[in-house]
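The lines below spell out each chain.
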Amino acid sequence: MSREAIQEYFKSIYIRYRKASKELKQLILNEFCATTGCNRKYAIRKLNAISPRQIDRRFKSRKARIRKRIYGRTKPGTLLKHQIPIKTDNWDVKDPGWTEVDTVSHSGNNAEGLFGYTVNQTDILTTWVESRAVLGKGEKAVVDALDEMAQAFPFRINGIDSDNGSEFINWHLFRYCESHRIQPFRGRPYKKDGNAHIEQKNWTHVRKLVGWDRYDTQEAVNAMNDLYHNEIRLFMNLFLPSMKLLRKKRIGSRLTRVYDKPKTPFERADHRNQT
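Now for a description of the structure that goes with this document.

Rules of the game
- Residues numbered from 1 in each chain as written.
- Predicted model: local features only at pLDDT ≥ 70, side-chain atom pairs only at ≥ 80, totals over all residues.
- Heavy atoms only, no water.
- Patch = residues over 30% accessible without salt bridge, like charges linked within 9 Å, V, L, I, M, F, W, Y side chains within 5 Å.
- Areas by Shrake-Rupley, 256 points an atom, 1.4 Å probe, with all protein chains shown as cover.
- Salt bridge = Lys/Arg side-chain N within 4 Å of Asp/Glu carboxyl O.
- Lys, Arg positive; Asp, Glu negative; His and termini not counted.
- Charge placed at Lys NZ, Arg CZ, Asp CG, Glu CD.
- Helix = DSSP H or I, 4+ residues; strand = E, 2+ residues; numbered from the N terminus.
- Buried < 20%, exposed > 50% of the residue type's maximum accessible area, 1.4 Å probe, protein only.
- Phe/Tyr/Trp six-rings, centres within 6.5 Å; stacked < 30°, edge-to-face > 60°.
- Core = buried A, V, L, I, M, F, W, Y, C linked by side-chain atoms within 4.5 Å.
- Contact = heavy atoms within 4.5 Å.
- Pairing = 2+ DSSP bridges.

As for a positive patch on the surface
So, step 1. A cluster of basic residues, Lys-11, Arg-18, Arg-57 and Arg-58, forms a positive patch at the surface.
So, step 2. Taken together, the elements giving at least two residues each to the positive patch come down to helix H1 (3-19) and helix H4 (52-58).
So, step 3. Along the chain, Arg-57 falls in helix H4.
So, step 4. Assessed through its relative accessible area of 52%, Arg-57 is described here as exposed.

A closer look at a nonpolar patch on the surface
So, step 1. The grouping of Leu-234, Phe-235, Leu-238, Phe-239, Leu-240 and Phe-266 at the surface amounts to a nonpolar patch, some 560 Å² of accessible area in total.
So, step 2. Mapping Phe-235 onto the fold places it in helix H11 (residues 231-239).
So, step 3. According to the relative accessible area criterion, Phe-235 is partly exposed, its value standing at 43%.

Considering the packing of aromatic side chains
So, step 1. Across all of its chains, the model carries 5 aromatic pairs by this definition.
So, step 2. Each ring, one from Phe-153 and one from Phe-155, has its centre 5.6 Å from the other, and the planes form 40°; the classification is tilted. Like Phe-153, the residue Phe-155 is buried in the burial classification.
So, step 3. Their ring planes at 50° and their centres at 5.9 Å tell us that Trp-203 and Trp-212 sit as a pair that is tilted.
So, step 4. According to the relative accessible area criterion, Trp-203 is partly exposed, its value standing at 43%.
So, step 5. The exposure class of Trp-212 is exposed, given its relative accessible area of 54%.

As for the nonpolar core
Soluble globular proteins tend to pack their nonpolar side chains together in the buried interior.
So, step 1. Grouped together as the largest cluster of nonpolar side chains are 21 residues, with contacts concentrated most on Val-119, Leu-146 and Leu-173.
So, step 2. Elements supplying a minimum of two residues to this core: strand S2 (116-123), helix H7 (139-152) and helix H8 (171-179).
So, step 3. No other element matches H7, which puts 5 residues into this core.
So, step 4. In contact with Val-119, not counting residues within four places along its chain, are Val-101, Asp-102, Thr-103, Glu-130, Ser-131, Arg-132, Val-134, Val-142, Ala-145, Leu-146 and Met-149.

Some remarks on the pairing of S2
Each regular strand displays side chains that alternate between the two surfaces of the sheet.
So, step 1. With respect to burial, S2 is a largely interior element, 8 of its 8 residues being buried.
So, step 2. Residues Gly-116, Thr-118, Asn-120 and Thr-122 of S2 are buried on one face, and the alternating residues Tyr-117, Val-119, Gln-121 and Asp-123, pointing to the opposite face, are buried as well.
So, step 3. For strand S1 (residues 98-106) and S2, the ladder comprises 8 bridges, and the chain directions are antiparallel. If you follow Asp-102 over to S2, its bridge partner there is Asn-120.
So, step 4. Sheet analysis places S2 next to strand S3 (residues 129-135), joined by 7 bridges and oriented antiparallel. Residue Thr-118 lies in a different strand from S3, and its bridge partner there is Ala-133.
So, step 5. Between S2 and the antiparallel strand that follows it, S3, lie 5 residues; Thr-127 among them carries a positive phi value of about 65°.

Written out as structure tokens, the structure is:
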């Protein structure tokens, strides 16, 4: 038999062999070896195991459905993407108001159905952070959260840098930025380090405090917003100092990082206002 014929024959008996009783498996194995001329041990190994490539082929459609369910089915239009510049260089800002934004999922270990998200936004210069919880990440809910946070920041928002998720790359947010004279930016696709500032805040301001549990009710979202409006916001921005990286310098093969003195976001924002 040709290799192609053996492969077709193998496919025809594989499912039957896997479901058969021990006695019937012996008969199927004898038939397979007699028909194809394959070594018996090779036949047993082939009928009892699935290669990684075969696993990928068999689960291709299921993996595609799961990927759509977790990451969403809608993709931003290419026309809109052309109007939002990609932020490729490092932030070197002299004034507050240039921010990075991201969403943090609160789906737990189940991405089915409707659940909460935290919209997280941080200022690059002062490290000030504002957060709001929303149920689902619809375009309007995210824009409303960003508008509310813009009013809570102690300075005007000049720019928003986000990833390429559809909750940010959409006409609703684009028109909002145009009407409020805010410059939108987007990161490079699949490059998490492009938004390193907000990724750090996702951990310190959301995950370490809220955790990884599932929150899928409006009551839970309201409770999170109560914390984001009050205790978390005041503690993180007014009382928790941190150091900022000023520059890096290389001495031989050693890279040295130079940081400023620990300050709270409020102190950094107040210093800018005084100057």
